[in-house]
Amino acid sequence: KYTRITSMINWDCDVTQINSMRDAVLKKSRHVVEKLLTISVDSTTVSKFLELFSDDVTERLTFISICKFVRETTDDKAVKNASAEAIQMLTSYQTQLDSSQIFYKKLVKFYNALDNRFDKEDKMFAYRYIKKCQLTGVHLDKDIQSKLKKMRHSIDKAEYNLVNNKDPERDTIVVRLNK
């Protein structure tokens with residue numbers, strides 16, 4: 001059993017702590033996803049699947065929010081950079097997970113197994129996550145998926161560069177264009 005990583009946050013954290021928490025969140029999430037992929041779809045496993053999955057999503061998003069807060073409030077450049085790197089790594093991991101056909105198909109199977117025992121929020125969470133995955137093109141032909149993946153990578157890279165080139169002393173954004 002894993003400890004909730006985000007409950008261990010120290011708001012006065014250093015680079016080592018950020019990197020350690022980032023690695024722990026990623027390791028835990030990978031473990032949870034592996035476990036989710038092994039769960040067979042039936043009426044007794046749907047609630048366990050949703051519980052594990054929603055807790056994993058919540059923890060990853062919470063850690064990203066914490067890193068964004070730390071990045072924007074600290075004066076320590078190394079901590080800013082470590083926070084930005086953690087955000088980039090977790091968003092990249094999230095994009096990979098969202099575009100995984102194996103995971104998408106498993107999620108759809110569990111969504112289809114939801115019945116009247118589950119409340120509206122559970123169904124809405126699974127439905128919205130399926131739609132989020134579809135934004136990556138996971139349900140489309142391989143050719144179109146490849147094009148979307150390249151575009152998403154370019155956008156992620158531009159966003160990362162934009163965030164890391166912010167000049168806090170002038171509160172402006174510095175954009176560097178490569179020829």
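Notes on the structure in this doc start here. (Residues numbered from 1 in each chain as written. Predicted model: local features only at pLDDT ≥ 70, side-chain atom pairs only at ≥ 80, totals over all residues. Heavy atoms only, no water.)

Re the overall build of the chain
Logical step 1: Counting its regular elements, the chain contains 6 helices and 2 strands.
Logical step 2: When its helices and strands are written in sequence order, the chain yields α-α-α-α-α-α-β-β.
Logical step 3: Counting the 179 residues in the chain, one finds 35% classified as buried.
Logical step 4: In the chain, of all internal contacts separated by at least 6 residues, the share reaching a separation of at least 24 is 68%.
Logical step 5: When the accessible area of the chain is evaluated, it comes to approximately 11,600 Å², of which 53% is carbon and sulfur surface. (Helix = DSSP H or I, 4+ residues; strand = E, 2+ residues; numbered from the N terminus. Buried < 20%, exposed > 50% of the residue type's maximum accessible area, 1.4 Å probe, protein only. Contact = heavy atoms within 4.5 Å. Areas by Shrake-Rupley, 256 points an atom, 1.4 Å probe, with all protein chains shown as cover.)

Brief notes about the environment of I87
Logical step 1: Of note, I87 is situated in helix α3 (residues 77-98).
Logical step 2: With 27 residues separating them in the primary sequence, I87 and R60 have C-alpha atoms 9.8 Å apart.
Logical step 3: Those residues in contact with I87, other than ones at most four positions away along the chain, are I64, C67, K68 and R71.

Let's talk about the environment of T95
Logical step 1: Inspection of the secondary structure puts T95 in helix α3.
Logical step 2: Relative accessible area serves as the criterion here: at 22%, T95 is assigned to the partly exposed category.
Logical step 3: Separated by 37 residues in the primary sequence, T95 and K132 have C-alpha atoms spaced 10.0 Å apart.
Logical step 4: Ignoring sequence-local partners within four residues, the contact set of T95 consists of R152 and D156.

Here's the deal with empty space enclosed by the protein
Logical step 1: For the structure shown, the criterion picks out 1 cavity of 30 Å³ or more.
Logical step 2: Estimates place the volume of the largest cavity at around 30 Å³.
Logical step 3: Residue lining of the largest cavity: V25, K28, S29, D56, E59 and R60, and that is the complete set.
Logical step 4: Secondary-structure elements contributing two or more residues to the lining of the largest cavity are α1 (15-38) and α2 (46-73).
Logical step 5: Here the lining of the largest cavity is built from residues that sort into 1 nonpolar, 1 polar and 4 charged. (1 Å grid on protein atoms, 1.4 Å probe; cavity = no way out; pocket = protein on both sides within 12 Å on 5 of 7 lines; lining within 4 Å. Points joined across faces, edges and corners; volume = space filled by probe spheres on them. Nonpolar A, V, L, I, M, F, W, Y, C, P; charged D, E, K, R; others polar.)

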